[in-house]
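Secondary and tertiary structure notes
The chain contents come next:
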Amino acid sequence: DIQMTQSPSVLSASVGDRVTLNCKASQNINKYLNWYQQKLGEAPKLLIYNTNSLQMGIPSRFSGSGSGTDFTLTISSLQPEDFATYFCFQHNSWPYTFGAGTKLELK
Amino acid sequence: QVNLLQSRAALVKPGASVKLSCKASGYTFTDYFIHWVKQSHGKSLEWIGYINPNSGYTNYNEKFKNKATLTVDKSTNTAYMELSRLTSEDSATYYCTRGTTTGFDYWGQGVMVTVSS
């Protein structure tokens, strides 16, 4: 199985900050990397698919980059509603796998 | 609008089985696979498997092959997941989600399963 390693596990930041979340795959997953946001008690929400494509309705302050094994999610200017947990997810090969998540908390 | 409505929370005894439902609306049910995902309390997400509602074809994560059984009822646009021989390790929130070529776009609200005597 492909292991997805996210870092950091917890990130403290302030409103207006630019933040970068990292995700590393244990083997090449091409571009097939998605980012999901999850708030407490809610289902995950798709933000970015296939590395850098913004899901419809998601604000443009979210962006993704990377290829192969190393990927990043950047939030250009944090808003209060962005404090949540973020998961990366590979859909390059079975079984699909998720990272352990980065919890973005208010500093 | 696309909606996946899952069944209520379940409290089940160890060794028993439980069947969870996921009713789809707002799109053509047979056009998209339905995937199931497990989230243990406070932890990450695990992909369980998927079913093609059109053909009934299933693909499981090896880890869940002897645990989960996926089915659909096309007449009611409903997908089901039965979990068998439940233990405390199966206590979790389970999500159904619609699969596309770009991943999972719409998710059910999740259903919490608690295994306890």
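Structural notes, computed from the coordinates. The structure displayed is predicted, hence computed values, not measured ones.

Description of the state of the cysteines
All names here are of chain A. For the structure shown, the criterion picks out two disulfides over all chains. A sulfur-sulfur separation of 2.1 Å characterises the disulfide bridge that pairs Cys-23 with Cys-88. On the sign convention where negative means left-handed, the S-S torsion of about 70° between Cys-23 and Cys-88 marks this disulfide as right-handed. One end of the pair, Cys-23, is in strand β3 (residues 19-25); the other, Cys-88, is in strand β9 (residues 85-90), and 65 residues separate them in sequence. Judged by relative accessible area, Cys-23 falls into the buried class, the value being 2%. Residue Cys-88 is classed as buried on the basis of its relative accessible area, which comes to 0%.

Notes on the packing of aromatic side chains
Taken as a whole and judged by the stated rule, the model has 17 aromatic pairs over all chains. Ring plane angle 45° and centroid distance 4.9 Å describe the contact between Phe-89 of chain A and Phe-104 of chain B, whose orientation is recorded as tilted. Of the two residues, Phe-89 of chain A is situated in strand β9 and Phe-104 of chain B in strand β10 (residues 103-107); the pairing between them involves two chains. Residue Phe-104 of chain B is classed as buried on the basis of its relative accessible area, which comes to 1%. In this structure an aromatic cluster arises from ring pairing among Tyr-36, Phe-89, Trp-94, Tyr-96 and Phe-98 of chain A together with Phe-33, Trp-47, Tyr-50, Tyr-57, Tyr-95, Phe-104 and Trp-107 of chain B. The ring of Tyr-80 of chain B is capped by Lys-19 of chain B, whose NZ or CZ atom sits 4.9 Å from the centre of that ring.

Some details on the side chain of Asn-50 of chain A
Here Asn-50 of chain A is to be found in the loop between β5 (45-49) and β6 (53-54). Given a relative accessible area of 11%, Asn-50 of chain A falls into the buried group. If we skip the residues at most four places from it in the chain, Asn-50 of chain A touches Lys-31, Tyr-32, Leu-33, Asn-34 and His-91 of chain A together with Thr-102 of chain B.

Focus on the interface of chain A and chain B
Taken together, the contact between chain A and chain B spans 19 residues of the former and 19 residues of the latter. For the pairing of chain A and chain B, the buried interface totals around 1,500 Å² over both sides, and the portion due to carbon and sulfur atoms is 65%. When residues of chain A are sorted by the area they lose upon contact with chain B, Pro-44, Trp-94 and Phe-98 of chain A head the list and together hold 33% of the total. Linking chain A with chain B are zero salt bridges, by the criterion used here. Summed over the shared surface of chain A and chain B, the number is six residue pairs in polar contact (both at pLDDT 80 or more). Put simply, the parts of the chain that give the side of chain A that touches chain B at least two residues each are β4 (33-38), β5 and β9 of chain A. Per-element tally for the side of chain A that touches chain B: the top contributor is β4 of chain A, with three residues. Residue classes in the side of chain A that touches chain B are distributed as twelve nonpolar, six polar and one charged.

Quick word on the pairing of strand β8 (residues 78-83) of chain B
Residue and element names in this part refer to chain B. By the bridge criterion, six bridges tie strand β3 (residues 18-25) to β8 in an arrangement that is antiparallel. In the strand pairing of β8, Lys-19 is matched with Glu-82. Here six bridges tie strand β7 (residues 68-73) to β8, and the two strands are oriented antiparallel to one another. Each bridged residue has a counterpart across the sheet, and for Thr-69 the counterpart in β8 is Glu-82. With antiparallel pairing between neighbouring strands as the criterion, β7 and β8 make up a hairpin whose turn holds four residues, including Asn-77 at a positive phi of roughly 55°.

Concerning the pattern of salt bridges
Enumeration over the complete set of coordinates arrives at seven salt bridges over all chains. Among the salt bridges present, the one from Asp-82 of chain A reaches Arg-61 of chain A, with a minimum N-O distance of 2.8 Å. A residue pair is termed long-range when its members are at least 10 positions apart, and Asp-82 of chain A in the loop between β8 (70-75) and β9 and Arg-61 of chain A in the loop between β6 and β7 (62-67) qualify at 21 residues. Each of the two residues, Asp-82 of chain A as well as Arg-61 of chain A, counts as buried. With a closest N to O distance of 2.7 Å, Arg-98 of chain B and Asp-105 of chain B form a salt bridge. Across the pair, exposure class does not vary: Arg-98 of chain B and Asp-105 of chain B are buried alike. Each of Arg-61, Glu-81 and Asp-82 of chain A takes part in one network of salt bridges that share partners.

Conventions we followed
- Numbers given for residues are sequential positions, taken from 1 along each chain in its written order.
- Note on labels: chains are lettered from A, ligands numbered from 1, in written order.
- The predicted nature of this model means local features are confined to residues of pLDDT at least 70 and side-chain atom pairs, given and counted, to a pLDDT of 80 or more, with totals for whole chains, interfaces and linings taken over all residues.
- Each side-chain value is worked out from all heavy atoms of the structure, with water and hydrogens disregarded.
- The rule for a disulfide is simple: a pair of cysteine sulfur atoms within 2.5 Å.
- Secondary structure elements follow DSSP: runs of H or I of four or more residues count as helices, runs of E of two or more count as strands, with numbering from the N terminus.
- Only protein chains enter the accessibility calculation, which uses a 1.4 Å probe; a residue is then buried when its area is under 20% of its type maximum, exposed when over 50%, and partly exposed in between.
- Note on aromatic contacts: the rings of Phe and Tyr and the six-membered ring of Trp form a pair at centre separations within 6.5 Å, being stacked when their planes are under 30 degrees apart, edge-to-face when over 60 apart, and tilted otherwise.
- In our convention, an over-ring charge means Lys NZ or Arg CZ found within 6 Å of a ring centre and within 35 degrees of that ring's normal.
- Should any heavy atoms of two residues lie within 4.5 Å, those residues are counted as being in contact.
- When two parts are brought into contact, each loses some accessible area as probed by a 1.4 Å sphere; the total of that loss over both is the buried area.
- Salt bridge criterion: a side-chain nitrogen from Lys or Arg within 4 Å of a carboxyl oxygen from Asp or Glu.
- In protein, a polar contact means a hydrogen-donor-capable atom and an acceptor-capable atom, both N or O and within 3.5 Å, with residues adjacent in sequence counting only if both atoms are side-chain atoms; elsewhere, any N or O pair within 3.5 Å suffices.
- The classification used treats Ala, Val, Leu, Ile, Met, Phe, Trp, Tyr, Cys and Pro as nonpolar, Asp, Glu, Lys and Arg as charged, and all other residues, Gly among them, as polar.
- Note on pairing: two strands pair once DSSP finds at least 2 bridges between them.

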